[in-house]
Amino acid sequence: KQEVTQIPAALSVPEGENLVLNCSFTDSAIYNLQWFRQDPGKGLTSLLLIQSSQREQTSGRLNASLDKSSGRSTLYIAASQPGDSATYLCAVILDSNYQLIWGAGTKLIIKP
Amino acid sequence: DAMVIQNPRYQVTQFGKPVTLSCSQTLNHNVMYWYQQKSSQAPKLLFHYYDKDFNNEADTPDNFQSRRPNTSFCFLDIRSPGLGDAAMYLCATSRVARGSEQYFGPGTRLTVT
């Protein structure tokens, strides 16, 4: 059974720092991996989607990497800003399925 | 421009009183999903439509039903809401079922009194 883990559960850093959020999964037979952002009481915003054949994807200050063999993905945020404060969730889709399997999320706070 | 729209954003209903939540999309995607998300938890898939084909998750309570009258709209009906059904309900779409990026709406926060 696929399990997705995100560590740490919460992270607080000063504004301007570069930071890395981690996502690990137990079954390497994934079709793709998606990173989302969720602001308190709001819906989910898709940040990046990495296909299983890709190693990384970039969007602005965000860079997501994928290492299927080790079952890991990272989300790198450069030059963090208070507006980046949110919960970040990763989710995978297995080769054999359509359903997103979610991590529990990392709550990020960027202090001004 | 909003691509996945949910109405209302906040809904209050009484215990046992039926309620319908609405979702529409401008992406012309084939697949629409309904998720339930409780506080500090990951979203839980309730069901999805691939075109008109309805797919119910095994552990979705019978109290929850869904309708998709056309490509653009999908509804979530809760026949007899209980206190435990208070949650955020998220609608999402994807172009195809397997492997496609999912786009989420802003959610409807349901309160049951």
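Keep in mind it's a predicted model, so treat the numbers as computed, not measured.

Backbone-to-backbone hydrogen bonds pair the strands of a sheet. The strands run either parallel or antiparallel. Residue and element names in this part refer to chain A. Overall, antiparallel pairing links the 5 strands, which are arranged β1-β3-β8-β7-β6 in an open sheet. On the outer flanks of this sheet lie β1 (4-7) and β6 (56-59), each paired with one strand and no other. Along the sheet, successive strands turn relative to each other by an average axial angle of 15°, direction set aside. Alignment of β1 against strand β3 (residues 19-25), held across 4 bridges, turns out to be antiparallel. Each residue of the ladder has a partner; that of Gln6, found in β3, is Cys23.

For the rest of this paragraph, the subject is the sheet that holds strand β3 (residues 19-25) of chain B. Residues and elements named next belong to chain B. Here 4 strands make up an open sheet; going across it, the order is β1-β3-β8-β7 and the pairing antiparallel. Edge positions in the sheet fall to β1 (4-7) and β7 (64-67), since each has one partner strand and no second. Adjacent strand axes in the sheet meet at a mean angle of 20° when their direction is disregarded. Looking at chain direction, β7 and strand β8 (residues 73-78) are connected through 4 bridges and run antiparallel.

Turning to the pairing of strand β6 (residues 53-56) of chain B, a few remarks are in order. Residues and elements named next belong to chain B. Bridge count between strand β5 (residues 44-50) and β6: 4 bridges; the pairing is antiparallel. Bridge pairing in β6 links Tyr49 to Phe54. As consecutive antiparallel partners, β5 and β6 are separated by 2 residues, and within that stretch Asp51 has a phi angle of approximately 55°, a positive value.

A word on the interface of chain B and chain A. The interface of chain B with chain A comprises 20 residues on the first partner and 21 residues on the second. Between chain B and chain A, a total of about 1,700 Å² is buried, with carbon and sulfur atoms accounting for 53% of that surface. Inspection of the region where chain B meets chain A yields 0 salt bridges. Viewed at the interface, chain A and chain B are joined by 5 residue pairs in polar contact (both at pLDDT 80 or more). Only β4 (31-37), β5 and β9 (87-94) of chain B provide two or more residues apiece to the side of chain B that touches chain A.

Inspection of every chain in the model, using the stated rule, returns 4 salt bridges over all chains. The salt bridge partner of Asp39 of chain A is Arg37 of chain A, with a shortest N-O separation of 3.0 Å. A relative accessible area of 16% places Arg37 of chain A in the buried class. Residue Arg67 of chain B is joined to Asp77 of chain B by a salt bridge in which the shortest nitrogen-to-oxygen separation is 2.7 Å. One end of the pair, Arg67 of chain B, is in strand β7; the other, Asp77 of chain B, is in strand β8, and 10 residues separate them in sequence. Owing to a relative accessible area of 13%, Asp77 of chain B belongs among the buried residues under this scheme.

Calculation criteria
- Residues numbered from 1 in each chain as written.
- Chains lettered and ligands numbered in written order.
- Predicted model: local features only at pLDDT ≥ 70, side-chain atom pairs only at ≥ 80, totals over all residues.
- Heavy atoms only, no water.
- Pairing = 2+ DSSP bridges.
- Helix = DSSP H or I, 4+ residues; strand = E, 2+ residues; numbered from the N terminus.
- Axes fitted to C-alpha atoms, helices over the stretch in contact; angles between N-to-C directions.
- Contact = heavy atoms within 4.5 Å.
- Buried area = accessible area lost by both parts, 1.4 Å probe.
- Salt bridge = Lys/Arg side-chain N within 4 Å of Asp/Glu carboxyl O.
- Polar contact = N/O pair within 3.5 Å; in protein donor to acceptor, adjacent residues only side chain to side chain.
- Buried < 20%, exposed > 50% of the residue type's maximum accessible area, 1.4 Å probe, protein only.

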